[in-house]
Amino acid sequence: EEAPPHNPRLLKMSSAQPGRFFCTAGRGLEPFLAREVRARLGATEVDCVSGKVFFSAAAGPDELRKLRCGERMFLLLKKHSPLLVSGSRGKMLHEIKSLVIQEPKYWLDIISVWTKLHGHERKTDDASPENALAQKRKSEEETNTASKRQKMEQVRAVVSEEHQVEAGERCVVPEGMSSQECWIESKTNSEFPSKGSGENPTVNGKLSFSFRVSCRCSGAIAKILTSQEIGRAIGIALVKQCGWRADLRDPDLEIFVHLNDIYSVVGIPLFRLPLANREYIKTAGLRSTVAWAMASLAEISAGALVLDPMCGLGTILLEAAKEWPEACYWGADISDSQLEGADGNIKAAGLVDKIELLKASVKALPLPSESFDSIISDIPFGKKFKIMNDAQLLPHILQEMERVLRVGGTLVLLLSQELRRRVDGLARRAGGDSTEVSADGDGAAAPAQAPSVNGNFSFLARGGAESVLGRHFGSLVPEGVHAVSLGKTDAFIHKYRKVPPPGSW
């Protein structure tokens with residue numbers, strides 16, 4: 001849906017009227033984020049595309065920061081249909097500039113709205129636990145760009161040749177996509193007040209503001225124009241039109257432009273660090289957004305007992321305990337170093353009274369049968385985890401999880417593509433080729449694919465995984481599979497529910 005060139009709701013946003021935002025999300029997490037913005041913010045006009053969720057909400061910075069499944073939050077300026085690709089590069093650049101360039105009064109209104117949201121962060125940054133990370137990132141950025149700045153002329157684009165993301169954010173760049181970040185640096189004769197000086201940021205009706213342009217383009221337009229050319233054109237136009245000056249290292253404002261075959265988007269980041277950077281996690285393990293998504297499927301209620309039998313650094317337990325504090329959580333692991341890291345995270349998060357840790361093997365848990373309401377676990381995979389190299393361990397692990405889960409309880413697992421294939425192979429060896437079963441149980445084939453991003457959960461089922469559980473763990477019934485990205489690899493969130501065994505009704 002194409003946004004109008006001028007959105008009055010954006011410019012008049014107050015506590016009573018919604019503003020228009022978009023938030024980036026890891027691939028496969030868009031449906032989780034869409035449901036979250038509706039539930040947590042009462043969002044309307046929710047629209048999902050790959051990697052982004054657009055929405056309207058009457059929310060301030062504190063409410064927006066509470067989103068657990070998103071990456072970066074933006075104030076949406078423009079959302080248009082994709083630009084028409086023509087043979088005239090000049091015409092295309094003119095159309096691109098028209099997305100961003102407006103009368104100075106327009107930008108005064110935009111900056112007013114943005115300052116109300118972003119100004120809160122500037123006032124609290126120095127006292128925030130995230131400040132040290134922000135300062136470190138700033139220092140690294142200054143070092144990396146020092147030599148480039150010496151070579152800059154009055155206006156010059158600086159391009160990062162590698163795909164860069166904010167403070168630990170991971171994403172997969174599809175083949176053929178240009179994900180270069182473009183920044184425009186310019187020198188002007190206008191005076192600019194220092195941050196926090198309280199001076200009026202307007203000079204002769206123009207904003208005296210420092211800025212940086214981040215441009216990302218892919219698809220057909222990337223074959224005609226580079227991110228550098230687009231960023232340079234927008235930067236020069238803003239300097240001429242608004243009297244701004246560019247600042248590569250610490251701009252007052254960053255303008256984000258993303259052009260592809262699906263949409264043309266212009267936005268302003270609201271926070272310096274991604275929402276996925278949790279200040280309460282001392283040592284990072286599983287991506288926090290994925291951990292939260294897994295916990296959201298577990299149907300955790302007040303007083304419930306929740307177990308992660310392969311807890312590692314405890315990220316899943318931390319995300320669950322922060323969101324559903326009225327439940328009780330247990331974590332088990334066979335590794336002393338992992339338990340030590342988890343203990344440090346739990347103490348740093350102030351959740352010592354909520355989470356219990358014990359050293360135990362997932363193959364022989366020292367726990368009573370049917371004692372937990374929910375089990376959530378990231379089955380370890382990758383080169384540093386040797387335990388899952390032998391697929392024969394999987395039935396034993398699943399059997400033990402099934403044993404300690406009560407009837408009616410939920411089991412949520414994160415499996416790699418390789419583990420999923422191995423489970424499928426076990427089923428074939430156990431009883432021949434299995435018939436794939438669709439999510440609605442009609443017996444039709446349902447190949448694994450990325451979930452849809454229409455705001456609803458997408459349920460997938462693979463016959464192989466279901467057959468293994470059906471043969472060996474008949475009380476676990478599959479309820480859905482969600483394909484998600486872990487950066488360089490893909491994984492699948494499986495959900496099961498334990499039902500009474502046959503004949504026990």
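The following refers to the structure shown. (Residues numbered from 1 in each chain as written. Predicted model: local features only at pLDDT ≥ 70, side-chain atom pairs only at ≥ 80, totals over all residues. Heavy atoms only, no water.)

**Considering the nonpolar core**
Step number 1: Grouped together as the largest cluster of nonpolar side chains are 92 residues, with contacts concentrated most on Phe55, Met73, Trp107 and Leu238.
Step number 2: Counting residues in each nonpolar core, the second largest holds 24 residues, with Leu358, Ala360, Leu365 and Leu476 among its members. (Core = buried A, V, L, I, M, F, W, Y, C linked by side-chain atoms within 4.5 Å. Buried < 20%, exposed > 50% of the residue type's maximum accessible area, 1.4 Å probe, protein only.)

**Quick word on the sheet that holds strand β16 (residues 372-378)**
Step number 1: The seven strands are arranged β15-β14-β13-β16-β17-β19-β18 in an open sheet whose pairing can be described as mixed. In this open sheet, the two edge strands, each paired with only one partner strand, are β15 (355-359) and β18 (476-485). Shown here is a sheet whose adjacent strand axes are inclined to one another by a mean of 15 degrees, direction ignored.
Step number 2: Two strands pair when backbone bridges link them, and strand β14 (residues 328-333) and β15 are joined in this way by five bridges, in the parallel orientation. Paired with Asp333 across the two strands is Lys359, which belongs to β15.
Step number 3: Helix-sheet contacts for helix α10 (residues 336-348) involve β14 and β15, and the interaxial angle to β15 is about 170 degrees. (Pairing = 2+ DSSP bridges. Helix = DSSP H or I, 4+ residues; strand = E, 2+ residues; numbered from the N terminus. Axes fitted to C-alpha atoms, helices over the stretch in contact; angles between N-to-C directions. Contact = heavy atoms within 4.5 Å.)

**Observations concerning the sheet that holds strand β4 (residues 73-80)**
Step number 1: Ordered by their spatial adjacency, eight strands build an open sheet running β2-β3-β1-β4-β12-β11-β9-β10, and the pairing between neighbours is mixed. In this open sheet, the two edge strands, each paired with only one partner strand, are β2 (44-49) and β10 (245-246).
Step number 2: Alignment of strand β9 (residues 210-217) against strand β11 (residues 253-259), held across seven bridges, turns out to be parallel. Looking at β11, one finds that Cys215 is bridged to Val257.

**A closer look at the environment of Ala233**
Step number 1: Relative to the helices and strands, Ala233 resides in helix α7 (residues 227-242).
Step number 2: What Ala233 contacts, discounting residues up to four positions off in sequence, is Leu93 and Lys97.

**Some remarks on the packing of helix α4 (residues 89-100) against α7**
Step number 1: Interhelical geometry of α4 versus α7 gives an angle of 55 degrees and a closest axis separation of 10 Å. In terms of their interaxial angle, α4 and α7 are classed as oblique. As for how α4 packs across α7, the hand of that crossing is right-handed. Across the interface between the two elements, Arg89, Leu93, Ile96, Lys97 and Val100 of α4 pack against Glu229, Ile230, Ala233, Ile234, Ala237 and Leu238 of α7.
Step number 2: A class-by-class count of the residues in the contact of α4 with α7 yields eight nonpolar, no polar and three charged. (Parallel < 35°, antiparallel > 145°, perpendicular 65-115°, else oblique. Left-handed = near helix turned anticlockwise from the far one by under 90°. Nonpolar A, V, L, I, M, F, W, Y, C, P; charged D, E, K, R; others polar.)

**Re the packing of aromatic side chains**
Step number 1: The final tally for this structure, using the stated rule, is eight aromatic pairs.
Step number 2: Ring geometry for Phe54 against Tyr263: centres 6.1 Å apart, planes inclined by 75 degrees, an arrangement best described as edge-to-face. One end of the pair, Phe54, is in strand β3 (residues 52-57); the other, Tyr263, is in the loop between β11 and β12 (264-269), and 209 residues separate them in sequence.
Step number 3: Three or more aromatic residues joined by ring pairs form one cluster here, namely Phe22, Phe54, Phe74, Phe256 and Tyr263.
Step number 4: Cation over ring: Lys79 sits above Phe54, and NZ or CZ is 4.8 Å from the ring centre. (Phe/Tyr/Trp six-rings, centres within 6.5 Å; stacked < 30°, edge-to-face > 60°. Lys NZ or Arg CZ within 6 Å of the ring centre and 35° of its normal.)

**Some thoughts on the pattern of salt bridges**
Step number 1: For the structure on display, the rule yields 20 salt bridges.
Step number 2: Notably, a salt bridge pairs Asp343 with Lys347, separated by 3.1 Å at the nearest N-O pair. One end of the pair is Asp343 and the other is Lys347, both in helix α10 and four residues apart, which spans about a single turn.
Step number 3: Using a relative accessible area of 31% as the deciding quantity, one classes Asp343 as partly exposed.
Step number 4: As a salt-bridge pair, Lys498 and Glu402 come within 3.9 Å of each other at their nearest N and O atoms. Of this pair, Lys498 sits in strand β19 (residues 490-498) while Glu402 is found in helix α11 (residues 393-404), placing the two residues 96 residues apart along the sequence. (Salt bridge = Lys/Arg side-chain N within 4 Å of Asp/Glu carboxyl O.)

**As for α11**
Step number 1: The end-to-end C-alpha separation of α11 is 17 Å, in line with the 16 Å expected for 12 residues at 1.5 Å each.
Step number 2: For α11, a buried count of nine out of 12 residues is recorded, marking the element as mostly surrounded by other parts of the structure.
Step number 3: Among the residues making up α11, those that are buried are Leu393, Leu394, Pro395, Ile397, Leu398, Glu400, Met401, Glu402 and Val404. (Expected span 1.5 Å × (residues − 1).)

**Let's talk about the pairing of β9**
Walk down a regular strand and you will see the side chains alternate between the two sheet faces.
Step number 1: Burial of β9 is extensive: eight of the eight residues sit out of reach of the surface.
Step number 2: Alternating positions in β9 separate into two faces, Ser210, Arg212, Ser214 and Arg216 on one and Phe211, Val213, Cys215 and Cys217 on the other, with burial throughout.

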